[in-house]
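Given next are the chains, with one letter for each unit.
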Amino acid sequence: MTYKFSDRVPDPKNDAVGDILKAAADPKVTSFAGGLPAPELFPVQGVKAAADKVLDEKGPAALQYGSAQGVPELRNVILKRLEVEGIHTTADHVMVATGSQQSIDLTGKMFLDEGDVVIVEKPTYLTAVDVFRSYGARFVGVDMDEDGMKMDSLEEALKNNPRARLIYTVPTFQNPTGRTMTLERRKKLVELADKYDVMVLEDNPYGAIRWEGENLPSLKSLDKTGHVIYMGTMSKIFSPGLRLGWVVAEPELLKRYTMMKQSADLHTDSFSQYVCAQYFTDNDINDHIKKITALYHKREQLMMKAIDKYFPKGVQHSNPQGGMFLWVMVPGVKDSKELFDAALKRNVAVVPGDPFYGSDPVPGTFRMNYSNTPEDGIVDGVKQLAAALDEVMAV
Ligand code: PMP
């Protein structure tokens, strides 16, 4: 059967990342490839207690259809989280989404026509690239250094691309690099968005997981003109399986999001929303975030020490102060997939860099995740990876 698919449908032959994750799922393999939180920290008993309470006290409402904008109890919980980001706002600025992934999707649907340009960090979150591509976007990548997106490159991109409709950024502990944009650059980005009248999509799943340095204000908190749309999620601080995220935007724009969401899935799972709100009411989420942060810090330190000890000279890596990822740059390697193959031969998996670039991939790069590998696997995994790098760099 030959299906007459739309242009949006991806070709399974090009599912490089799916193939990588499949190979990484082999129990023999130490995987630094995924992006999953540590499951041993999920607060299962707390969620069980919250779920019982919700069913006892609000059972019918939790099992009923709900509003597209989200359950008010959860939006109030989200307002408290936003305060931490320096965003002092009201519930009419907040919509619950089915994870940040849906917020990205609705944003693409709302702002992009075929051929429009999305400005992204080089590299950027690969699943955002997939989403925006499905809406016909072209990508213009902006160079980064350890301080995030370079503002002179951003301005050049804005000057040269009158069809730029969105700047998509993960300013804190970015996926895939773990890098964080400085305050000065944040201020400049907001200024440029206003000057060139382009919307900014600020994606902040990792900001709360910080073990070093000062909290930096979100772009949204610096935005005086309404150009920044902010997205948050429960996935990294609580549970990704509950699929709870949020969009923060001016009410006029949020109304459009709510209408678009209604056509996408009517609303986010009511039961999940009530259970999450109940959990946050009965427990101190900041205590929980502290536990997550301490464990990821420990794993990151172990990985960094092993990298510094075993990786060949000349290999560079980012130095995250929080989050779940680090980025590695290997000189002289033309094909990142070669790195992946050499590592997999030694039963270690990483994600090669190419799919993280909207355009013009930089070869010899890869992403490593440290949140999901127990301590006893980290050092040996890095040693094997170092041997793979030796092999690839020697060619
Ligand atoms: N944005 C970024 C940068 C991410 O890393 C992720 C998850 N890997 C998401 C969005 C999607 O997260 P979720 O839909 O679970 O909130």
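This structure is a prediction, so every number in the text was calculated from the model and none was measured.

1. As for the overall build of the protein chain
Within the protein chain, the secondary structure is distributed over 13 helices and 14 strands. Structurally, the protein chain occupies a C-alpha span of about 60 × 55 × 50 Å along its principal axes. Within the protein chain, the fraction of its 395 residues that count as buried is 46%. Nonlocal contacts in the protein chain, meaning residues at least 24 apart in sequence, comprise 77% of its contacts between residues at least 6 apart.

2. Comments concerning helix H12 (residues 336–345)
Looking only at H12, the buried set comprises Ser336, Leu339, Phe340, Ala342 and Ala343. Each buried residue of H12 lies within a common arc of 165° when the element is viewed along its axis, so the set occupies one face. Structurally, H12 contributes buried residues whose contacts are with helix H1 (16–24), strand S12 (348–349), strand S13 (351–352), strand S14 (365–369) and helix H13 (375–394). Just past H12, the residue asparagine 347 takes up positive phi, approximately 60°.

3. Observations concerning the UniProt feature "domain: Aminotransferase class I/classII large" (unreviewed entry) in the protein chain
What UniProt calls "domain: Aminotransferase class I/classII large" (unreviewed entry) maps, in this numbering, to residues 48–376. The distance from the first to the last C-alpha atom of residues 48–376 is 30 Å, and the span holds 44% helix and 17% strand.

4. Focus: the sheet that holds strand S9 (residues 245–248)
Strand order in the open sheet formed by eight strands is S2-S9-S8-S7-S6-S3-S4-S5, with mixed pairing between adjacent strands. A strand with exactly one partner marks an edge of an open sheet, and here the two such strands are strand S2 (94–97) and strand S5 (148–149). In the sheet, strand S4 (residues 138–145) pairs with S5 via two bridges, with the strands oriented antiparallel. When the sheet's bridge partners are listed, aspartate 145 is paired in S5 with glycine 148.

5. A word on unusual backbone geometry
The omega angle of the peptide bond from lysine 122 to proline 123 is 5°, so this bond is cis rather than trans. Turning to its location among the elements, proline 123 is positioned in the loop between strand S3 (117–122) and helix H5 (126–134). Here the residue pair asparagine 175 and proline 176 is connected by a cis peptide bond, since its omega of 20° sits within 30 degrees of zero. Take proline 176: it is sitting in the loop between strand S6 (164–169) and helix H7 (183–195). Phi angles above zero are rare outside glycine, and asparagine 347 is one such case at about 60°. For asparagine 347, the location among the structural elements is in the loop between H12 and S12.

Conventions used here
Residues numbered from 1 in each chain as written. Predicted model: local features only at pLDDT ≥ 70, side-chain atom pairs only at ≥ 80, totals over all residues. Helix = DSSP H or I, 4+ residues; strand = E, 2+ residues; numbered from the N terminus. Buried ≥ 20, exposed ≤ 12 C-beta atoms within 10 Å, placed from the backbone. Contact = placed C-beta atoms within 7 Å. Arc of directions from axis to C-beta. UniProt positions renumbered as here; feature names shortened; annotations may be inferred. Pairing = 2+ DSSP bridges.

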